[in-house]
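Structure assessment
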Amino acid sequence: MAIIVNLDVMMARRKMRSKELAEAIDITEANLSLLKSGKVKGVRFSTLERICAVLECQPGELLEFRPDA
Amino acid sequence: MTDIKTPPSNLRSLSRFMAGLTTIGLLIYPLADIAIYLRPQMTQWMMLDADHMGSVLNEGVPLMYRLYALAFSLAGVSFTVWALWSLRRLFLHYSRGEVFSADALRLMKNIAIAIFAGVIVTFAVHAPISMALTWYLGRGHREISLDFGSGDVASLFTAGVVLVISRVMAEAQRAADENTKFV
């Protein structure tokens, strides 16, 4: 997958657990887990906005483009 | 597959009611067709829109010829039975809340195909039916008739509408599935 989700890195930096973030952005822990592992087809802007607000970061810090080898 | 986990109670009860009604139709329709050919006088009142057949189909027609006609008639009936069977299963899916399941969409397509094929086959078998029923009359009295009325046109439109709706629902299912893959 060319798009890498660095959510776990950002969460570690902010010392935030999955459960806390899931509650703060109003999605299930299961969906958050799928998002962290990059197993989703897309992220809604509204979800991205809430993650950025809670983790105090930019979308570019969460998502990264890495061309497939 | 995208389903309604708890279908609204009115959808559930209406679907169950329609499934029951369809089951009754499923049993009555072929039996009525058989009865019309085996006991024409007794079932005259059932030949609602087959007036010209009513004049041809009577107890005076030897049973063997009536059975030939019945065999052709059942070819058309079989498609109606297929449509009713598919409709029954579709309503049972709806009663369980499986509105957008792949099977429900397949059944809708089957219903459209069955209605469409039923109209075509019924039209095609009308000639052999009329021939079988008048064959015993001898030369000069035999007849072949064709029948295609506004009811058949309406059925073809219904089949078209059901087919289009099934395509639209397939598209809706695809969109709903895609939506579930977004967070």
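This structure is a prediction, so every number in the text was calculated from the model and none was measured.

1. Here's the deal with the interface of chain A and chain B
Taken together, the contact between chain A and chain B spans 8 residues of the former and 5 residues of the latter. For the pair chain A and chain B, the two sides together bury roughly 690 Å², of which 57% comes from carbon and sulfur. When the area that chain A buries against chain B is broken down by residue, the three leading residues are A:K41, A:G42 and A:R44, summing to 70%. Counting the contacts that link chain A with chain B gives 1 salt bridge. A salt bridge links B:E178 to A:K41, with the shortest nitrogen-to-oxygen separation between them at 3.9 Å. The interface formed by chain A and chain B contains 5 residue pairs in polar contact (both at pLDDT 80 or more). Across the side of chain A that touches chain B, the residue classes break down as 3 nonpolar, 3 polar and 2 charged.

2. Details of the pattern of salt bridges
A side chain with one charge can pair with a side chain of the opposite charge if their charged atoms come near. A complete count under the given rule lists 8 salt bridges over all chains for this structure. For A:E20, the salt bridge goes to A:R17, with nearest N and O atoms at 3.7 Å. A residue is classified by how much of its surface remains accessible, and A:E20, at 37% relative accessible area, is partly exposed. Residues B:E98 and B:R96 are paired through a salt bridge, measuring 3.5 Å at the closest nitrogen-oxygen approach. Assessed through its relative accessible area of 47%, B:R96 is described here as partly exposed. In this structure, a network of salt bridges that share partners links the residues A:K41, B:E171, B:R174 and B:E178.

3. Regarding the environment of B:P8
Along the chain, B:P8 turns up in the segment before helix 1 (9-38). It is 9.1 Å that separates the C-alpha atoms of B:P8 and B:S95, two residues lying 87 residues apart in sequence.

4. As for the environment of B:G118
Residue and element names in this part refer to chain B. Mapped onto the fold, G118 is located in helix 4 (residues 102-134). What makes G118 buried here is its relative accessible area of 8%. Separated by 55 residues in the primary sequence, G118 and L63 have C-alpha atoms spaced 25 Å apart.

5. Topic: the packing of aromatic side chains
All names here are of chain B. The final tally for this structure, using the stated rule, is 3 aromatic pairs over all chains. Ring geometry for F91 and Y94: centres 6.5 Å apart, planes at 75°, overall edge-to-face. Highlighted residues: F91 and Y94, both in helix 3 (residues 63-95), separated by 3 residues, approximately one helical turn. When its relative accessible area of 14% is taken as the criterion, Y94 is described as buried. With a centroid separation of 5.8 Å and an interplanar angle of 85°, the aromatic rings of F123 and F148 are classed as edge-to-face.

6. Notes on the confidence of the model for chain B
All names here are of chain B. Averaged over all residues, the pLDDT of chain B is 87; the fraction at 70 or higher stands at 91%. Of all helices and strands in chain B, the one with the weakest mean pLDDT is helix 2 (residues 51-56) (64), whereas helix 3 scores best (94). Predicted complex metrics record ipTM = 0.70 and pTM = 0.72.

7. Observations regarding the packing of helix 3 of chain B against helix 4 of chain B
Each pair of packed helices can be described by the angle between their axes along with the distance between the axes. All names here are of chain B. Look at helix 3 against helix 4: their axes get within 8 Å of each other, and the N-to-C directions meet at 165°. For the element pair helix 3 / helix 4, the angle class is roughly antiparallel. Here the hand of the crossing between helix 3 and helix 4 comes out left-handed. The residue inventory of the contact of helix 3 with helix 4, partitioned by class, reads 25 nonpolar, 7 polar and 4 charged.

How each quantity is defined
- Residues numbered from 1 in each chain as written.
- Chains lettered and ligands numbered in written order.
- Predicted model: local features only at pLDDT ≥ 70, side-chain atom pairs only at ≥ 80, totals over all residues.
- Heavy atoms only, no water.
- Contact = heavy atoms within 4.5 Å.
- Buried area = accessible area lost by both parts, 1.4 Å probe.
- Salt bridge = Lys/Arg side-chain N within 4 Å of Asp/Glu carboxyl O.
- Polar contact = N/O pair within 3.5 Å; in protein donor to acceptor, adjacent residues only side chain to side chain.
- Nonpolar A, V, L, I, M, F, W, Y, C, P; charged D, E, K, R; others polar.
- Buried < 20%, exposed > 50% of the residue type's maximum accessible area, 1.4 Å probe, protein only.
- Helix = DSSP H or I, 4+ residues; strand = E, 2+ residues; numbered from the N terminus.
- Phe/Tyr/Trp six-rings, centres within 6.5 Å; stacked < 30°, edge-to-face > 60°.
- pLDDT = per-residue confidence, 0-100.
- Axes fitted to C-alpha atoms, helices over the stretch in contact; angles between N-to-C directions.
- Parallel < 35°, antiparallel > 145°, perpendicular 65-115°, else oblique.
- Left-handed = near helix turned anticlockwise from the far one by under 90°.

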